[in-house]
Each structure stands twice: as C-alpha cells, then as structure tokens.
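Chain and residue survey
Take a look at the letters that make up each chain.
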Amino acid sequence: MISGSAVRTTLVDSKGQPLYTNRLIHEDSPYLRQHAHNPVDWYPWCEEAFARAKAENKPVFLSIGYSTCHWCHVMEHESFDNEAIAAYLNEHFVSIKLDREQRPDLDDIYMTGVQLMSGQGGWPMSNFLTPEGQPFFAGTYYPAAGFRALLERISEVWTTRQQDVLEQAAKTSEAIAQYTAARSISKSLPEDLHQQAADELLSRFDETHGGFGGAPKFPNESMLWLGLTLADRYQRDDLRQMVCHTLDKMAAGGIYDQVGGGFHRYTVDQHWLTPHFEKMLYNQGQLIRVYAEAWRQTRKPAYSRVVRETIAYLLRDMRRSDGCFWSATDADSEGEEGRFFVWTPAELATVLSDGQFALVMDLYGVTENGNFEGRNILHTEGSLEDYGEQVNRPVGELEAELEQVRQKLYEFREQRIHPLCDEKIILSWNSLIVTALAEASAAFAEPEWLDLAESTMRRLLAVLKTPAGLWRISLHDTVSVAANQEDYAYTLEAVMSLYVQSGKTLWLTHARELAREMSDLFEDKQEGGFYLSRQDEATPLITRPRSPMDGAMASGNSVALSGLL
C-alpha cells in the first residue's frame, strides 16, 4: 500500500521538487501532510493561528477532512493547490487544516454548525470563524470558481459588516452549545420505549433495498444493532427481517468488496451498488459485530461468510506487523476513483478459465459497457442460494469455485497500484476491532480470534497507555493527541469484552482503571454523562460537547454506558 502522506502537489520545479512547503510538514497526521506542499499558508489547529487572526483582525478559514476522503482530494487539487486562490486566502484569512480523525470533538462542534446553517453536512467541511473560533458561515465542498467567489464575499462582509458577523457568530455558537450539551433531567424511562424505538426504525426502513432512507446510503450500523437487539430481547421477527433484508442487500451489493472482503463506507445510490470506494476501519468493526449477531440469531451461512471474509481482509490488508490496525484506505488510485476495485470483461478473461469467466459474467452482472465509468463493480442480484437454484448447482459447489475465482482476482488486483493507506493507529477504532473479534470468537467458536483480540489490545496498551493516561493516535510509533472520551469508552468496552470472553481478571483490572480515568477526565459531575473533550484543551473551544448522538460510530456516551454496565 502507498502511504497516505505521499506528496500530492502538482506545483513542482524542473526536478520534480515541491515549490511550496508549509507548517503541516511537521505534523504527524497523513491528512495534514497531504496538504504540506499546498501554496496555502496552512496552520494546524493551534493557539498561534487564532492569536494571529486576532492581531491582524482576519477571519479564520477552517477546513476539516480526513486522508481517504474523495471530495477532500478534489477540493485540494482544485482550490488549495491553486496559486491564485491560495494567494487570496493567505492575504485575507488565517487558514487552519484539521484532521477530523485526530479531533472528533472539534469535528462534532463544527459539523453541528454546518448542519444548523446549511441543513446538511459532510467533508471536506469549510468553516469561516471569528478569531475567537465562533463560526459565522459554513458549508462543505465548493468547486474552485464558487470557492473563490465565496472567499471574496466573506472578505467583503468581514470588512464592511464585521459587527453583524460577530453577532451572528455568537448566536450560532450558542445554538451549537445548546445542541451538543444534551442537557436532560433524570427520570424513569417509559415502559414502551422499546416499542417507540422499533416504530422509529420501521418508519425509516427502505423495504425494497434495505437500509434506512435514500441516497446516499450508509450502513447505519447503530440502527442495525438496535434492530437486532430488540428482535432478540422482545422476539420481534419484523425487526429481525428488516435487519436481515438490509444485510443481504449489502452483502450482494457493490458496498461489499466481492473480491477482497470488507466494506466501503457508503454508496451514492439507494440500492448499495456504487460506493465511494474508501474503506474505514470503523465500518469493518461495526459490521463484523452486526453480521456475527445476525448469524447467531439466524444461522444464515451468508453471514458467516461475510464475517470470515471481512476478518481475513483486516488481517491481510489492514494489520500492521505489530498487531495494530491501520485506519483507512483511499477511494482513489491512478488518479481515478475506484480504479483499484473495478473490472472489464477483458481483464477477467485474462485471469479466469472459460468456465470461471462465464460464472463471473453471469453471477456478478458484468457487461461490456459496465456499471461504473465503463468498468464493472462486481455485485449480485440475490443470494448465492438463489443463484444456485436458478442454475441448478449446489451451493457448496458454487462456493468452492468462487473461492478459487476470488483468489485469482485478488492476486491479479494486487498487481495494480494500490489506493493510499492512512497508517494512523487510532485507539477507539482499534478497540472496536478488538470487541468485534472477541464477540465473533464467541459466536463462531473460533478461539484464535479471541487470541488475536487479546494480542491486539496488549499492543495498543503498550503503545498508547502511559502513567499520564491514554493517547489517541500513533503514527510510525510516535504518539500524539491525548485520548478523548470516545477512546476511553471504546477501550473500556473492549477490555470488558475480553474479560467476558476469556475470564482473565487482567482485563477487569484494566477496565476498572479506565472507568476511573474516564470519570475523572470527562464526567459532568453536575448533570451526568460525559464530555467529549478534556477540560484543558488548548485553543478556542467554543463549547465542551457532550452529544449522545450516534454518528459514523456509536456515541462515546452510549459506549461508555455499555462498558460501565
């Protein structure tokens, strides 16, 4: 795999050396390093940047993204590597780049602002702040021409109507604080709460394609997990069928890597076919848990296959030599989105026997015209069992042949240029994998997965645990960013999973220590719950968020509750 911090700029001299180098060259985030040779005078998130904005009375442009984000790459190439746009930014703004994976608390704050102001969210996130860090305008991706026009408009408004801007920023910041504070009064839960939750899930369910809502379509693992939990506890077959229909459609679709295993982050369509091709570690951990639980409840063979293939993918392609797991791989390679993952009939014909080629063309719906920019995303229209009935072949025979097919295609695909890999080790994401492996080990009676989970956690604690507390990030064996509440919560849940499955008191001892530290650092002693940020975070923190809402991962507050119970 190619490192996520590879030089990306097109602005080079006659010897191919970058013309520009900014402060981000000293950062340990692959995402920030991707922007280290932009002509933009980037700062990382730091007090120095806001102090300069105050001294020069300039607004702050805060751009938030992550290393494997396709549209982040597009905006970087179009705007941040554009000398004219960079010059305007450098003259009229103080520009900050932030890796959302390093600081999910800040991402939560400013994403809330984007959603309040625009009604939608996403990355790259483009924020315009006062020198005190309060947002007054925000959006996501902007094409270069629109972005330049926006910069000029923002600069004009800041110069001519600054007091109005400051008042608007204060109101927006107050709204963000109220939304992320999640203030509540302790009271008894209604007896029909589970029914209310079930009704809400069913009301959002896409009965045709599975999942929730329309395009773009995300797995929404927390909602799937809730559905399975309620189905098991209250014998709700309708909820179980809802989840299983979704899992069937995802496993058959392009969101699932039919050759190498593992899931892409989401699809741009409603029916799970065309993904943004990045693969995130947190999706793999959550979906291993969901498919393993679905298998436990149904014993459906397809779910076992997905779990085993996804774990195999992690061990083969995402695991560092010391046992920890990298955070993500990119959507792009060879300058094209998805190029690594898609196929032409000619490529397939060169790899497979005639019989295997005919099977793949039929089963995976391959055509000469393709279903993605002239190439094919492999997918099936139904289950392997259904296909076996259609062609009158035993499922076991098909599975054996497809195993050979996948191995051939995988070996051929390995010769392609790989997508970039973000080699950060993120504590909470790795802890999620530990929990998934421990639970899958119990579900499938696979003791080696528990051994793997334990060895991974031992390495995480060796790298990221110090007498002063936990660290969130390790990159090339250098730690950075103090752990936030999400990291403590997921690590607590992971060591408790290890204790439950192994019975080793070592893990219970770790759990008690983590619970105590999490309480000391993050608990709201007055109103309950946990803050996401530490009290002593440097630079402007316009609010100390405490949001219980699930995002791409289950919220740190809910995971903390699980671990503490």
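Before reading on, note that the structure itself is shown above.
A few points on the structure. (Residues numbered from 1 in each chain as written. Predicted model: local features only at pLDDT ≥ 70, side-chain atom pairs only at ≥ 80, totals over all residues. Heavy atoms only, no water.)

1. What about the overall build of the protein?
Put simply, the rule reads: A run of H or I in DSSP counts as a helix once it spans at least four residues, and a run of E counts as a strand once it spans at least two, with each numbered from the N terminus. Radius of gyration here is computed from C-alpha atoms only, and the compact-globule reference equals 2.2 Å multiplied by the residue count raised to the power 0.38. Note on classification: 1.4 Å probe, protein chains only; a residue is buried when its accessible area is under 20% of the maximum for its type, exposed when over 50%, partly exposed between these limits. By definition, residues are in contact when any of their heavy atoms lie within 4.5 Å. In summary, the charge assignment counts Lys and Arg as positive and Asp and Glu as negative, without counting His or the chain termini. Charged groups are reduced to one reference atom each: NZ for lysine, CZ for arginine, CG for aspartic acid, CD for glutamic acid.
For the protein, the helix and strand inventory stands at 21 helices and 16 strands. Since a compact globule built from 565 residues should have a radius of gyration of about 24 Å, the 24 Å found for the protein is in line with a globular shape. The C-alpha extent of the protein, read off along each of the three principal axes, is 75 × 65 × 45 Å. Burial statistics for the protein: of 565 residues in total, 57% are counted as buried. Considering only intrachain contacts with a sequence separation of at least 6, the fraction spanning at least 24 residues in the protein is 68%. Positive and negative charge centroids in the protein, built from 52 and 81 side chains respectively, lie 3 Å apart.

2. Describing the pattern of salt bridges
What counts, and what does not: Each reported salt bridge corresponds to a side-chain nitrogen of Lys or Arg within 4 Å of a carboxyl oxygen of Asp or Glu.
Scanning the entire structure with this criterion turns up 44 salt bridges. Note that arginine 375 is salt-bridged to glutamate 336, the shortest N-O span being 3.5 Å. With a gap of 39 residues between them, arginine 375 in the loop between helix H14 (354-363) and helix H15 (384-391) and glutamate 336 in strand E11 (residues 336-337) connect regions that are remote in the sequence. Here the salt bridges do not stand alone but share partners, grouping Arg23, Asp41, Arg52, Glu56 and Lys58 into one network.

3. Things to note about the sheet that holds strand E2 (residues 60-65)
To be explicit about the condition: Here a strand pair is declared whenever DSSP counts at least two bridges between the two strands. Between N-to-C directions, angles cover 0 to 180 degrees, with each direction set by a line fitted to C-alpha atoms, over the stretch in contact for helices.
Overall, mixed pairing links the 4 strands, which are arranged E3-E2-E4-E5 in an open sheet. Only two strands of the sheet have a single partner each, and these edge strands are strand E3 (94-99) and strand E5 (135-139). Recorded for the sheet is a direction-independent mean angle of 20° between the axes of neighbouring strands. Relative to E3, E2 runs parallel, the two being bridged by 6 bridges. When the bridges of E3 are listed, leucine 62 appears paired with isoleucine 96.

4. Considering the pairing of strand E16 (residues 478-482)
In the sheet, strand E15 (residues 469-475) pairs with E16 via 4 bridges, with the strands oriented antiparallel. Bridge pairing links leucine 475 to threonine 478 in E16.

5. What about unusual backbone geometry?
A cis amide bond links tryptophan 123 to the next residue, proline 124, at an omega of 5°. Position of proline 124 among the secondary structure elements: in the loop between helix H5 (104-118) and strand E4 (125-129). That bond from alanine 215 to proline 216 is cis: its omega, -10°, falls within 30 degrees of zero. Along the chain, proline 216 falls in the loop between helix H8 (193-204) and helix H9 (221-234). The phi dihedral of glutamine 235 is positive, around 55°, even though this residue is not glycine. Residue position: glutamine 235 is located in the loop between H9 and helix H10 (237-252).

6. Here we look at the nonpolar core
Inclusion rule: In this text, buried Ala, Val, Leu, Ile, Met, Phe, Trp, Tyr and Cys residues form a nonpolar core when linked through side-chain atoms within 4.5 Å.
Core analysis: the biggest nonpolar cluster contains 114 residues, and Phe128, Phe147, Tyr291, Val307 and Met457 have the highest contact counts within it. Counting residues per element, this core draws most heavily on helix H17 (residues 427-444), which supplies 11 residues. If we skip the residues at most four places from it in the chain, phenylalanine 128 touches Val60, Phe61, Phe93, Gln134, Pro135, Phe136, Phe137, Phe147, Leu150, Leu151 and Ile154. Ranked by size, the runner-up nonpolar core spans 21 residues in total, among them Val94, Leu106, Leu129 and Ile176.

7. With respect to the state of the cysteines
What counts here: The criterion for a disulfide is a pair of cysteine sulfur atoms lying within 2.5 Å.
Summed over the entire model, instances satisfying the criterion amount to 1 disulfide. Covalently, cysteine 69 is tied to cysteine 72 through a disulfide, its sulfur atoms 2.4 Å apart. Because the sign of the S-S torsion sets the handedness, a value of about 80° for the bond joining cysteine 69 and cysteine 72 places this disulfide among the right-handed ones. Cysteine 72 matches cysteine 69 in its accessibility class, with the two residues each being buried.

8. Here's the deal with helix H4 (residues 83-92)
Heads up, the condition is: Directions from the helix axis toward the C-beta atoms define the arc. N or O atoms closer than or at 3.5 Å make up a polar contact, with two conditions inside protein: a donor-capable atom paired with an acceptor-capable one, and, for residues adjacent in sequence, both atoms drawn from side chains.
Within H4 the residues assigned to the buried category are Ile85, Ala86, Tyr88 and Leu89. Each buried residue of H4 lies within a common arc of 160° when the element is viewed along its axis, so the set occupies one face. In this structure, the buried residues of H4 make contact with E2, helix H3 (70-80), E3 and helix H6 (144-160). The backbone nitrogen of alanine 84 lies 2.9 Å from a side-chain oxygen of the residue at the head of H4, namely asparagine 82.

9. Some words on the side chain of threonine 112
Structurally, threonine 112 can be placed in helix H5. Its relative accessible area of 5% is what places threonine 112 among the buried residues. Excluding anything up to four places from it in sequence, threonine 112 contacts Ile176, Tyr179 and Thr180.

10. Topic: the packing of helix H12 (residues 301-318) against H17
We count it as follows: Angles below 35 degrees are treated as roughly parallel, those above 145 as roughly antiparallel, those between 65 and 115 as roughly perpendicular, and all remaining angles as oblique. Note on convention: near helix rotated counterclockwise from far helix by under a right angle means a left-handed crossing. Clockwise means right-handed. Any residue outside Ala, Val, Leu, Ile, Met, Phe, Trp, Tyr, Cys, Pro, Asp, Glu, Lys and Arg is labelled polar, Gly included; the first ten of those are nonpolar and the last four are charged.
At a minimum axis distance of 12 Å, the contact between H12 and H17 shows a crossing angle of 140°. One finds that H12 runs oblique with respect to H17. Here the hand of the crossing between H12 and H17 comes out left-handed. Contacts between H12 and H17 pair Ser304, Val307, Arg308, Ile311 and Leu314 from the former with Ile433, Leu437, Ala440 and Phe444 from the latter. Among the residues making up the contact of H12 with H17, the classes are represented as 7 nonpolar, 1 polar and 1 charged.

11. Digging into the environment of glutamate 336
Here glutamate 336 falls in the partly exposed class, since its relative accessible area comes to 31%. In the structure, glutamate 336 is positioned 109 residues away from glycine 227 in sequence and 37 Å away in space, judged by C-alpha atoms. Sequence-distant contacts of glutamate 336, that is, excluding residues within four places in its chain, are made with Ala331 and Arg375.

12. Quick look at H14
Within the span of H14, buried status applies to Gln356, Leu359, Val360 and Leu363. Buried residues of H14, seen end-on, are gathered within an arc of 95° and therefore sit on one face of the element. The inward-facing, buried residues of H14 abut helix H13 (345-351), H15 and helix H16 (395-413). Glycine 365, located one to two residues past H14, shows a positive phi value of around 65°.

13. Thoughts on the side chain of threonine 180
Tracing the backbone through its elements, the reader meets threonine 180 in helix H7 (residues 162-181). Given a relative accessible area of 1%, threonine 180 falls into the buried group. When sequence neighbours within four positions are dropped, the list of residues in contact with threonine 180 reads Asp108, Thr112, Thr543, Pro545, Arg546 and Ser547.

14. Details of the packing of H17 against helix H19 (residues 485-502)
Between H17 and H19, whose axes approach to 8 Å, the crossing angle comes to 20°. Judged on the interaxial angle alone, H19 and H17 are roughly parallel. H19 is crossed by H17, and the crossing has left-handed handedness. Contact with H17, carried on its side by Leu427, Ser428, Trp429, Ser431, Leu432, Val434, Thr435, Ala438, Glu439 and Ala442, involves Glu486, Asp487, Tyr490, Thr491, Glu493, Ala494, Ser497, Leu498 and Gln501 of H19 and no other residues of that element. A per-class count over the contact of H17 with H19 returns 9 nonpolar, 6 polar and 4 charged.

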